[in-house]
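# Coordinate analysis (summary)
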Amino acid sequence: MRKILIIALLLCLSLSAGCGALQQPAPAPEPTPAPSVIPETSKLGFSPVDLNKAPDVIKNIASDISKREAATWAQVNGTNYILASVGENTKYKIEITDVIQKVPAQDFIWIEVKGKYVSLKEGEKNGQVTVISLNPPNKAINGAGFEITRTAAAAPTTPAPTTQTPAPTVQTPKITPAPAAPTPAPATEQGKTTTEQTKKTQPSETNSENSNSR
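Figured I'd write up the structure that's included with this text.

Rules and cut-offs
- The residue count restarts for each chain, going from 1 along the sequence in the order it is written.
- In keeping with the predicted nature of the model, local features appear solely for residues at pLDDT of at least 70, side-chain atom pairs appear and are counted solely at 80 or more, and the whole-chain, interface and lining totals rest on all residues.
- Remark: hydrogens and water are excluded; side-chain values derive from all non-hydrogen atoms of the structure.
- A helix here means a DSSP run of H or I that spans at least four residues, while a strand means a run of E at least two residues long, and both kinds are numbered starting from the N terminus.
- For every residue, the accessible area obtained with a 1.4 Å probe (protein chains only) is divided by the maximum for its type, and the residue is called buried under 20%, exposed over 50%, and partly exposed between those limits.
- We call two residues contacting when some pair of their heavy atoms lies within 4.5 Å.
- Here, any two strands with at least 2 DSSP bridges between them count as paired.
- Note on method: axes are straight lines fitted to C-alpha atoms, helices fitted across the in-contact stretch only, with angles between N-to-C directions ranging 0 to 180 degrees.

Moving on, we get to the overall build of the protein. Summing up its helical and strand segments, the protein has 3 helices and 8 strands in all. N-terminal to C-terminal, the α/β element order of the protein is α-β-β-α-β-β-β-β-β-β-α. Here the protein holds 214 residues, and the buried ones make up 20% of them. Of the contacts formed within the protein by residues at least 6 apart in sequence, a portion of 65% connects residues at least 24 apart.

Structure representation (structure tokens):
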């Protein structure tokens with residue numbers, strides 16, 4: 001009888017322990033960190049750079065584009081540089097107005113650089129090449145585009161093409177010479193004899209008429 005009671009107590013204890021375990025709530029799942037989203041379009045800060053204090057590679061690039069109108073982007077030691085040249089134009093310089101960051105795809109950053117031609121101030125030297133650095137540095141950039149606005153006064157003057165008008169062709173009428181008059185044929189011996197005979201017969205006829213009148 002005791003064995004039966006012990007077995008029944010053990011069964012009751014095991015059942016009560018199982019029910020308690022079932023009643024405990026499951027632990028809450030850990031929150032998933034939200035992915036960092038880069039705005040599709042945003043403006044970037046920038047600072048002017050003294051070309052004399054720029055890295056040597058930036059100086060070499062500036063020297064290469066200084067003779068023509070050009071704009072480019074380069075990254076040296078983690079710093080992004082923008083270079084814009086007016087070429088041999090000694091009256092204007094390029095002023096960078098905006099640098100816009102765009103994200104056309106995930107993990108791809110593209111910048112659009114906007115600038116304009118401005119007149120040099122009195123006494124201001126023409127550096128030909130404008131250089132800026134982007135803020136903050138160490139920013140991964142995958143591509144760059146440029147939109148430089150030129151005023152009408154800064155536009156290069158192209159001489160108007162000269163059109164050559166061909167001289168009119170004058171047609172001179174052809175003059176056909178008149179046919180030469182035919183040369184009279186020389187008189188033949190027979191003609192001469194007939195003429196002489198006629199001359200000879202005329203006085204004889206006159207004489208015969210005089211004799212008849214008598």
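Turning our attention to the pairing of strand 5 (residues 92-105). Here 3 bridges tie strand 1 (residues 41-43) to strand 5, and the two strands are oriented antiparallel to one another. Paired with threonine 41 across the strands is lysine 102, a residue of strand 5. In terms of strand pairing, strand 5 meets strand 6 (residues 108-119) through 11 bridges, oriented antiparallel. Note on strand 6: the bridge partner recorded for isoleucine 100 is glutamate 112. Linkage of strand 5 to strand 6, two consecutive antiparallel strands, is achieved through a turn of 2 residues, within which aspartate 107 is found at a positive phi near 65°.

This paragraph deals with the sheet that holds strand 5. If you walk across this open sheet you meet the 4 strands as 1-5-6-8, and the pairing is mixed. Looking at strand neighbours, the two that pair on one side only are strand 1 and strand 8 (143-149), the edges of this open sheet. Going across the sheet, the axis of each strand differs from the next one's by a mean of 25°, ignoring polarity.

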